[in-house]
Protein chains: 2
Amino acid sequence: MKETQDLFPTRLERKLGMFERIDPVVHSEGEQRKGPLSEAELDEFERKGFLSFEGFFDEDEMAAFLEELGDYENDDDLKLSEGTILEPSKQEIRSIFGIHEVSERFSRLTRDPRLLAMVQQILGGDAYIHQSRINYKPGFKGKGFDWHSDFETWHSEDGMPRMRSVSCSIILTENGEFNGPLMLVPGSHNYFVPCVGRTPENNYKESLKSQEIGVPDDASLRDLMIQGDIEAPKGPVGSLVMFECNTLHGSNINMSCWPRSNLFFVYNSVENTLHDPYCGNRPRPEFLANRKDWSPLKPAK
Amino acid sequence: MKETQDLFPTRLERKLGMFERIDPVVHSEGEQRKGPLSEAELDEFERKGFLSFEGFFDEDEMAAFLEELGDYENDDDLKLSEGTILEPSKQEIRSIFGIHEVSERFSRLTRDPRLLAMVQQILGGDAYIHQSRINYKPGFKGKGFDWHSDFETWHSEDGMPRMRSVSCSIILTENGEFNGPLMLVPGSHNYFVPCVGRTPENNYKESLKSQEIGVPDDASLRDLMIQGDIEAPKGPVGSLVMFECNTLHGSNINMSCWPRSNLFFVYNSVENTLHDPYCGNRPRPEFLANRKDWSPLKPAK
């Protein structure tokens, strides 16, 4: 169902200036704010739009996941499946979407009790998986991702109504200075930057390789960087970055020989399920935006 | 004059493996090794193939250079001159070559007494400018430079016979983690990596924008990175990086809003002046490889 007024106009032909966020960043209030994240961590998340935890999972715990990903690289059927995106060179896997549906092991990880409790604390209640993916970013060949707000895309192309969703990026190979780590603009989640340009149908087929539509303008980006700078959390295998759905982020080309493989789980509040896409196009495929199962996640045992 | 045997075969159709360096790294011996660089610094240069100095020049000293560069950005004649390379988008200046010939101020800087004495100490005697350039790398728009050895190009395309040349990169805008700083592979200067592929005539017209020929293979690069890692010296305006002509280096896209403008002076030993290009092509233009004035630089007063 499309609402009468679109609170986050974007993908228009004329440029609109950025405006201040209208949704809370941490959605829990009062007693509900208590949980695995300390008040100081919640404050930091509210201020910066992300939190990072070095070595959140043990390296040993992660070994089995890495092994599984190695198998996928040699799986020709998976390479041809719609949820698998190849690098522009078509040689290497860039991303596999819906990884929690491909694999029971990854599905359980989305329901890791510690992780899920933190997500629920931020979202103020129950959550489901809106999207999951693994980004491989192989050594030498892995291209970058230009600056963007996930929410801007999810709102316009998937019909996500409000900013009440959080991404967890789990580091599967050490993220260092040179293998194209996730970069974020602290504080950028506090502004919505409308982007210029109508969205073509099936835009995702291009945008998952190289984003042209839904890219914030240079002037707004510059303002937000001058205000908040850029940060790139580093860490060993098992490190975790949680970032708010509207935090501007991107990553550079991997010019090193070391792959930068990160797992992304996107949790959306069950109070924030999808409408029709606000850009007016047909909904994107299920592997990008879950429309079939919004039942709350229960912690894995 | 072409020598009968080419000691550094490259740009061939078949891949040759990398081999160990045959030239000294520091060319001074005995008493001549004494100079502005300490024995420890010379050792580090020999080991890593580069040295970096934070704030080597005062920020105040650099202000006049920056102002001059600002003027060049608005100089349409200069934009059209052969020594000026535009970004692939053709909007922004990527590099201006021969900057010491365009400007007396930059010419004097090449003869800065402290700088020149360090260069002479490394090269074991008198030096002249083989090439000078400024790389602008504007915010958001500045593309990177893929991994390469300058010597590999200067040998094959300019006829530089041996490894007896050093580059000084002077930082004109703060170089940080996110604006595409110079990256180097420590220890890589100790190996020559022959590159595959015949050199087209006028290759420089493409290679200065995006290098396709003279790029080391992934396997050799990986070996050298695993052995030596990657380093990216950072620093404020006026910082200096001196690197050996065969040290593998590159830089990433500038995804930040902050320009990364660096000045490069290439000093070559007067004992190492140019022959005919070893790749067999016509020599490249003067702005890339000085063939007309090999007289030794004298310190500016």
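Residues numbered from 1 in each chain as written. Chains lettered and ligands numbered in written order. Predicted model: local features only at pLDDT ≥ 70, side-chain atom pairs only at ≥ 80, totals over all residues. Heavy atoms only, no water.

I'd like a description of empty space enclosed by the protein, backed by residues and values.
Taken as a whole, this structure holds four cavities of 30 Å³ or more when the rule is applied. Looking at the largest cavity, its volume works out to about 350 Å³. Lining the largest cavity are 26 residues, and of these Arg133, Phe145, His148, Asp150 and Leu208 of chain B sit closest to its centre. Secondary-structure elements contributing two or more residues to the lining of the largest cavity are β4 (93–97), β5 (127–135), β6 (145–148), α7 (150–158) and β11 (249–251) of chain B. The dominant element in the lining of the largest cavity, judged by the number of residues it contributes, is α7 of chain B, at four residues. By volume, the second largest cavity is sized at about 200 Å³. Together, 18 residues line the second largest cavity, and Glu177, Phe178 and Asn252 of chain A together with Glu177 and Asn252 of chain B are the ones closest to its centre. (1 Å grid on protein atoms, 1.4 Å probe; cavity = no way out; pocket = protein on both sides within 12 Å on 5 of 7 lines; lining within 4 Å. Points joined across faces, edges and corners; volume = space filled by probe spheres on them. Helix = DSSP H or I, 4+ residues; strand = E, 2+ residues; numbered from the N terminus.)

Residues and numbers for the side chain of Ser220 of chain B, please.
Residue and element names in this part refer to chain B. Topologically, Ser220 is positioned in helix α9 (residues 218–228). Judged by relative accessible area, Ser220 falls into the buried class, the value being 7%. Of note is the side chain of Ser220, whose polar atom sits 2.7 Å from the side chain of Asp217. In contact with Ser220, other than residues within four places in its own chain, are Lys15, Met18 and Val193. (Buried < 20%, exposed > 50% of the residue type's maximum accessible area, 1.4 Å probe, protein only. Polar contact = N/O pair within 3.5 Å; in protein donor to acceptor, adjacent residues only side chain to side chain. Contact = heavy atoms within 4.5 Å.)

Can you explain the pattern of salt bridges? Please cite residues and give values.
Residue and element names in this part refer to chain A. Throughout the structure, instances matching the rule amount to 41 salt bridges over all chains. Among the ionic pairs, Glu101 bridges to Lys292, the shortest N-O distance being 3.9 Å. With a gap of 191 residues between them, Glu101 in helix α4 (residues 99–102) and Lys292 in the segment after β12 (262–269) connect regions that are remote in the sequence. Take Glu101: its relative accessible area is 52%, and that puts it in the exposed class. (Salt bridge = Lys/Arg side-chain N within 4 Å of Asp/Glu carboxyl O.)

Give a description of the side chain of Arg11 of chain A that names residues and reports values.
All names here are of chain A. Here Arg11 shows up in the segment before β1 (19–20). One polar contact links Arg11 to Ser156, side chain to side chain, over a distance of 3.4 Å. A distance of 2.7 Å separates a polar atom in the side chain of Arg11 from a polar atom in the side chain of Glu157. Sequence-distant contacts of Arg11, that is, excluding residues within four places in its chain, are made with Glu152, Thr153, Ser156, Glu157, Cys195, Gly197, Arg198, Thr199, Asn203, Ile213 and Gly214.

Any chance you could break down the interface of chain A and chain B for me, citing the residues and the numbers?
When the parts of a complex come together, some accessible area is lost, and that lost area is often taken as the interface size. Across the contact, 26 residues belong to chain A and 26 residues belong to chain B. At the boundary of chain A with chain B, total buried surface from both sides reaches about 2,200 Å², with 67% on carbon and sulfur atoms. Three residues stand out in chain A for area buried against chain B, namely Phe140, Phe178 and Met255 of chain A, and they jointly supply 32% of the buried area on that side. At the boundary of chain A with chain B, the tally comes to four salt bridges. Put simply, Glu177 of chain B and Lys234 of chain A hold a salt bridge, and the shortest N to O gap is 2.5 Å. Summed over the shared surface of chain A and chain B, the result is eight residue pairs in polar contact (both at pLDDT 80 or more). Counting residues per element, the ones that place at least two in the side of chain A that touches chain B are β6 (145–148), α9 (218–228) and β11 (249–251) of chain A. Top element by residues in the side of chain A that touches chain B is α9 of chain A. It accounts for five residues. A class-by-class count of the residues in the side of chain A that touches chain B yields 14 nonpolar, four polar and eight charged. (Buried area = accessible area lost by both parts, 1.4 Å probe. Nonpolar A, V, L, I, M, F, W, Y, C, P; charged D, E, K, R; others polar.)

A description of the relation of the copies chain A and chain B should follow, citing residues and the corresponding values.
With an RMSD of 0.0 Å, the fit of chain A onto chain B corresponds to turning through 180° and sliding 0.0 Å along the axis. Here the two chains are linked by the operation of a two-fold rotation axis. When you check the interface residues of chain A against chain B, 100% turn up at the interface there too, and the contact is symmetric in its surfaces. (Least-squares fit on C-alpha atoms with pLDDT ≥ 70 in both.)

Explain the UniProt feature "domain: Fe2OG dioxygenase" (unreviewed entry) in chain A to me, and be specific about the residues and the numbers.
With numbering matched to this structure, UniProt assigns "domain: Fe2OG dioxygenase" (unreviewed entry) to residues 128–269 of chain A. What you have in residues 128–269 of chain A is 17% helix and 28% strand, and the ends, taken at the C-alpha atoms, are 7 Å apart. (UniProt positions renumbered as here; feature names shortened; annotations may be inferred.)

Kindly report on the layout of surface pockets, identifying the contributing residues and their values.
What the largest pocket holds in volume is close to 1,000 Å³. Around the largest pocket, the lining comprises 48 residues; the ones closest to its centre are Gly144, Phe145, Asp146, Trp147 and Gln211 of chain A. For the lining of the largest pocket, the elements supplying multiple residues, two or more each, are β4 (93–97), β5 (127–135), β6, α7 (150–158), α9 and β11 of chain A. When the residues that make up the lining of the largest pocket are grouped by side-chain class, the tally is 18 nonpolar, 16 polar and 14 charged. For the second largest pocket, the calculated volume is near 710 Å³. Taken together, 28 residues form the lining of the second largest pocket, with Lys143 and Ile253 of chain A together with Asp146, Ser210 and Gln211 of chain B sitting closest to its centre. Listing elements by their share of the lining of the second largest pocket, those giving two or more residues are β6 and α9 of chain B. The leading source of residues in the lining of the second largest pocket is β6 of chain B, at three residues. Residues of the lining of the second largest pocket, tallied by class, amount to 11 nonpolar, eight polar and nine charged.

So what's going on with the sheet that holds strand β7 (residues 165–171) of chain B? Residues and values would help.
All names here are of chain B. Pairing is antiparallel in the open sheet, where seven strands are placed in the order β2-β10-β7-β12-β5-β4-β3. Since the sheet does not close on itself, it has two edges, and those belong to β2 (50–53) and β3 (84–86), each with one partner. With direction set aside, neighbouring strand axes in the sheet form an average angle of 15°. With three bridges joining them, β4 and β5 adopt antiparallel strand pairing. (Pairing = 2+ DSSP bridges. Axes fitted to C-alpha atoms, helices over the stretch in contact; angles between N-to-C directions.)

Before we move on, can you summarise unusual backbone geometry with the specific residues and values?
All names here are of chain B. For Arg11, which is not glycine, the phi dihedral falls at a positive 60°. You will see that Phe140, though not glycine, has its phi angle at about 65°, which is positive. Looking at the secondary structure, you find Phe140 in the loop between β5 and β6. Given the relative accessible area of 14%, Phe140 is considered buried.

An account of the environment of Phe178 of chain B is requested, with residue identities and associated values reported.
Position of Phe178 of chain B among the secondary structure elements: in the loop between β7 and β8 (182–184). Along the backbone, Phe178 of chain B and Trp258 of chain B are 80 residues apart, and their C-alpha atoms lie at a distance of 8.5 Å. Among residues more than four places away in sequence, those in contact with Phe178 of chain B are Met183, Ile230, Glu231 and Ala232 of chain A together with Asn254, Met255 and Ser256 of chain B.

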